[in-house]
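# Notes for the structure review
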Amino acid sequence: MTSGQSTETTTAGLLAAADEALIEAGFRTGEFAEAERLVRAAAQSAEQDRDAAGAAAAANLHGYLLHYRNITALMSGGQPEPADVELERERFSLALAGYEKLRAGAGIAAAAFGLGLFEQVLHQDWDAAMVHYRRSESLIPALEAAGDLYTRSEIHRHLGFYHLVVDKQFGVAVQHLQISLDLREEQGEPRRIPSGLVALGWAERENGNPRRAVLLLRRAVELARAEGLLPARIADAQHELEESEAALRAEAEAEQPEND
């Protein structure tokens, strides 16, 4: 950084600011304009500086921005813009190519995971998604070395979803989703913790443990409200809580002895 240059005008500073704006948009406001402005500025800064690592990081973050914007549309009952869907794939692919050229394991893991999200969520193609998720999983040691708790959390989260909804190995799902939640807790970003609680609560209910599910989901609802998360995120937590409370009541009724 040259003398007098502000932190936010460097590629790294712009990426950090864009990441914070993206968390706020994806979890609280649903407004992505500022995050997009910052990530585009980061990409321009990296291009001007011939910074290959910065360019790959900007492309990757842009892919995540588009993904959050697309799923926010879905959570709200709408449909994402087709141009955004295609651009999401393009940004993650560009990031992956850049990281592969740099042989940057942690970056490869993050970008490959993004392509998995695209295939799973927007194409609903678990087979294609798992190819990317398994590649990311194999690179978890690189993410550990880089200190990337959130990408590790997300990898375990979506592996957990696979075992929860596709192959119905509920115990394995619980293991992955517990790791995912633990990593979110370690990171300490409260806007991201409710989604970890919701996923684990769902898995615990399916695994025959509605009592723990209720405890997890009560905390999820409380924290989601306290953090002012998007209404759709609060509603999702509340729905899972109600389902788990119903399962717990049914379990209690089944355990009551029949009267003669």
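Bear in mind the structure is a predicted one, so any value in this text is a computation, not a measurement.

Here we take up the overall build of the protein. Within the protein, the secondary structure is distributed over 12 helices and zero strands. Taken from N to C terminus, the helices and strands of the protein fall in the order α-α-α-α-α-α-α-α-α-α-α-α. For the protein, the C-alpha radius of gyration of 20 Å lies close to 18 Å, the compact-globule estimate for 260 residues. Sorting the 260 residues of the protein into buried and exposed places 48% on the buried side. Within the structure as shown, the protein displays about 12800 Å² of accessible surface, and the carbon and sulfur contribution to it stands at 49%. One way to put it: in the protein the 25 positive side-chain charges average out to a point 4 Å from where the 42 negative ones average out.

Next up on the list: helix H5 (residues 105-122). The end-to-end C-alpha separation of H5 is 25 Å, in line with the 26 Å expected for 18 residues at 1.5 Å each. For H5, the buried fraction is high: 16 of the 18 residues fall into the buried class. Once H5 finishes, Gln124 follows within two positions and takes phi at roughly 55 degrees, a positive value.

Viewed as axis vectors pointing N to C, helix H3 (residues 52-75) and H5 meet at an angle of 20 degrees, and their least axial separation amounts to 10 Å. Between H3 and H5, the angle is such that the two are roughly parallel. Viewed along their axes, H3 and H5 form a crossing whose handedness is left-handed. From H3, Asn60, Tyr64, His67, Asn70, Ile71 and Leu74 reach across to H5, where they touch Ala110, Ala111, Phe113, Gly114, Leu117, Val121 and Leu122.

Over the atoms, a rolling probe the size of a water molecule traces out where space has been left empty. There is about 820 Å³ of room inside the largest pocket. Lining of the largest pocket is provided by 31 residues; of these, Ile71, Met75, Arg157, Phe161 and Asp236 occupy positions nearest its centre. Sorting the residues of the lining of the largest pocket by element identifies H3, H5, helix H8 (149-165), helix H10 (193-206) and helix H12 (231-255) as the ones contributing at least two each. In terms of lining residues, the second largest pocket is bounded by 25 residues, among which Asp19, Asn60, Leu61, Asp148 and Thr151 are the most central.

On to the confidence of the model for the protein, then. In regions of low pLDDT, the predicted coordinates are not meant to be interpreted in detail. On average, residues of the protein carry a pLDDT of 95, and 96% of them reach 70 or more. In the predicted structure, residues 1-7 sits below a pLDDT of 50 and forms six contacts with residues beyond four places in sequence or in another chain.

Phi at Arg103 is positive, roughly 55 degrees, even though this residue is not glycine. Of note, Arg103 is situated in the loop between helix H4 (82-102) and H5. Take Arg103: its relative accessible area is 78%, and that puts it in the exposed class. Of note, Gln124 is a non-glycine position whose phi angle comes to about 55 degrees, a positive value. Summarising the element assignment, Gln124 is placed in the loop between H5 and helix H6 (126-138).

Take the environment of Ala111 next. Looking at the secondary structure, you find Ala111 in helix H5. A relative accessible area of 0% places Ala111 in the buried class. For Ala111, the residues in contact, after removing those within four places along its chain, are Asn60, Phe92, Ala95, Leu96 and Tyr99.

Let's shift gears to H6. The terminal C-alpha atoms of H6, which comprises 13 residues, lie 18 Å apart, in line with the 18 Å expected from a rise of 1.5 Å per residue. When H6 is considered as a whole, its buried residues turn out to be Trp126, Ala129, Met130, Tyr133 and Ser136. Down the axis, H6 shows its buried residues gathered within 120 degrees of arc, on one side only. Of the exposed residues in H6, the ones pointing more than 90 degrees away from its buried face are Asp127, Val131 and Ser138.

Conventions used here
Residues numbered from 1 in each chain as written. Predicted model: local features only at pLDDT ≥ 70, side-chain atom pairs only at ≥ 80, totals over all residues. Heavy atoms only, no water. Helix = DSSP H or I, 4+ residues; strand = E, 2+ residues; numbered from the N terminus. Rg over C-alpha atoms; globule rule 2.2 N^0.38 Å. Buried < 20%, exposed > 50% of the residue type's maximum accessible area, 1.4 Å probe, protein only. Areas by Shrake-Rupley, 256 points an atom, 1.4 Å probe, with all protein chains shown as cover. Lys, Arg positive; Asp, Glu negative; His and termini not counted. Charge placed at Lys NZ, Arg CZ, Asp CG, Glu CD. Expected span 1.5 Å × (residues − 1). Axes fitted to C-alpha atoms, helices over the stretch in contact; angles between N-to-C directions. Parallel < 35°, antiparallel > 145°, perpendicular 65-115°, else oblique. Left-handed = near helix turned anticlockwise from the far one by under 90°. Contact = heavy atoms within 4.5 Å. 1 Å grid on protein atoms, 1.4 Å probe; cavity = no way out; pocket = protein on both sides within 12 Å on 5 of 7 lines; lining within 4 Å. Points joined across faces, edges and corners; volume = space filled by probe spheres on them. pLDDT = per-residue confidence, 0-100. Arc of directions from axis to C-beta.

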